[in-house]
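An overview of the molecular structure
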Amino acid sequence: SAVISQKPSRDICQRGTSLTIQCQVDSQVTMMFWYRQQPGQSLTLIATANQGSEATYESGFVIDKFPISRPNLTFSTLTVSNMSPEDSSIYLCSVAPSVSTDTQYFGPGTRLTVL
Amino acid sequence: GQQLNQSPQSMFIQEGEDVSMNCTSSSIFNTWLWYKQDPGEGPVLLIALYKAGELTSNGRLTAQFGITRKDSFLNISASIPSDVGIYFCAGHSNFGNEKLTFGTGTRLTIIP
């Protein structure tokens, strides 16, 4: 499976600011995804990061709040904009080596706390 | 939308005991996955199941893809302290929704 790293691993931010999270994979992958995991909860898909085009967002998530970039097949960023305490969560990127989106592998996550 | 119900929500067992947990869906899946998440880490894939009725093992872990394609089971034999964590099932369907749907999780605690 691919080796996935995320930066930062954790951060504490002030309300109203923005944070950009990076996801780096050690090999080219077809599909990359961003998930949110609120405290004590399961994983919720935010969006599919498409290489060279706009991300595909799930219901309840919008580009203005969670802009995503994917400039190549090994790297993606997620920005959490204009943060509020409700954005405090773990943000996870995942990859699927093939076009089929099953069998996803996850990065270590970014633990975000908004004060 | 699709929902995955996982049970039990939490388990408290003694080291050496066997563990069983399951995941049920209101709709059919083509793939079932089981992940384990340690505190402060991302989920790690344990077992992937691709065929109804399939029984797959990974060391002390055994998982089954239900015949109806609406459920899956995970068993852990002879539990050890490093088995502590949260176990998530996830299902994937090819019928119009190409997303992974995650279960609610089972938190496993081992009592010393």
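Coordinates for the structure precede this section.
First, a word on what this report is: a plain description of the structure on this page.

Here is what the cut-offs are and how they apply
Residues numbered from 1 in each chain as written. Chains lettered and ligands numbered in written order. Predicted model: local features only at pLDDT ≥ 70, side-chain atom pairs only at ≥ 80, totals over all residues. Heavy atoms only, no water. Helix = DSSP H or I, 4+ residues; strand = E, 2+ residues; numbered from the N terminus. Rg over C-alpha atoms; globule rule 2.2 N^0.38 Å. Buried < 20%, exposed > 50% of the residue type's maximum accessible area, 1.4 Å probe, protein only. Contact = heavy atoms within 4.5 Å. Areas by Shrake-Rupley, 256 points an atom, 1.4 Å probe, with all protein chains shown as cover. Lys, Arg positive; Asp, Glu negative; His and termini not counted. Charge placed at Lys NZ, Arg CZ, Asp CG, Glu CD. Disulfide = S-S within 2.5 Å. Buried area = accessible area lost by both parts, 1.4 Å probe. Salt bridge = Lys/Arg side-chain N within 4 Å of Asp/Glu carboxyl O. Polar contact = N/O pair within 3.5 Å; in protein donor to acceptor, adjacent residues only side chain to side chain.

From N to C terminus, chain A includes zero helices and 11 strands. Starting at the N terminus and ending at the C terminus, chain A contains elements arranged as β-β-β-β-β-β-β-β-β-β-β. Rg of the C-alpha trace for chain A: 13 Å, near the compact-globule value of 13 Å for 115 residues, within the 12% margin. If you line up chain A on its principal axes, its C-alpha atoms span 40 × 25 × 20 Å. Within chain A, buried positions represent 51% of all 115 residues. A separation of at least 24 residues holds for 54% of the contacts in chain A among residues at least 6 apart in sequence. For chain A, the accessible surface area stands at approximately 5,300 Å², while carbon and sulfur atoms represent 49% of it.

So, on to the overall build of chain B. A tally of regular secondary structure across chain B gives zero helices and 11 strands. Helices and strands in chain B line up, N terminus first, as β-β-β-β-β-β-β-β-β-β-β. Computed over its C-alpha atoms, the radius of gyration of chain B comes to 14 Å, within 12% of the 13 Å expected for a compact globule of 112 residues. Residue burial in chain B is summarised as follows: out of 112 residues, 45% are buried. In chain B, 54% of the contacts between residues at least 6 apart in sequence involve partners at least 24 apart. When the 7 positive and 9 negative side-chain charges of chain B are each reduced to one mean point, those points stand 10 Å apart.

Attention now goes to the state of the cysteines. Linking two cysteines covalently through their sulfur atoms gives a disulfide. All names here are of chain A. Taken as a whole and assessed by the stated rule, the structure comprises two disulfides over all chains. Disulfide pairing is shown between Cys23 and Cys93; the S-S distance is 2.0 Å. With the S-S bond torsion at 65°, the cross-link from Cys23 to Cys93 turns out right-handed. With Cys23 in strand S3 (residues 19-25) and Cys93 in strand S9 (residues 89-96), the pair connects residues that are 70 residues apart, well separated along the chain. Taken individually, Cys23 and Cys93 each receive the classification buried, so the pair is uniform in this respect.

The partner chain A presents 18 residues to the 18 residues of chain B that form the contact. The contact between chain B and chain A buries some 1,400 Å² in all, and 56% of this surface belongs to carbon and sulfur atoms. A per-residue breakdown of the area chain B buries against chain A is headed by Pro43, Lys99 and Phe102 of chain B, which together make up 30% of the total. Along the contact surface separating chain B from chain A lie one salt bridge. Between Glu58 of chain A and Lys99 of chain B there is a salt bridge, and its shortest N-O distance comes to 3.7 Å. Inspection of the chain B/chain A interface yields five residue pairs in polar contact (both at pLDDT 80 or more). At the level of secondary structure, the elements contributing two or more residues to the side of chain B that touches chain A comprise strand S4 (31-37), strand S9 (85-92) and strand S10 (100-102) of chain B. At four residues, the largest contribution of residues to the side of chain B that touches chain A is made by S4 of chain B.

Across residues other than glycine, the phi torsion is negative in most instances, and most of the peptide bonds are trans. Cis geometry marks the peptide bond from Lys7 of chain A to Pro8 of chain A; its omega dihedral reads -10°. Of note, Pro8 of chain A is situated in the loop between strand S1 (4-7) and strand S2 (10-13). Non-glycine residue Asn82 of chain A carries a positive phi angle of around 45°. Relative to the elements of secondary structure, Asn82 of chain A occurs in the loop between strand S8 (75-80) and S9. Since its relative accessible area comes to 55%, Asn82 of chain A is described here as exposed. The backbone of Ala78 of chain B shows a phi angle near 50°, a positive value even though the residue is not glycine.

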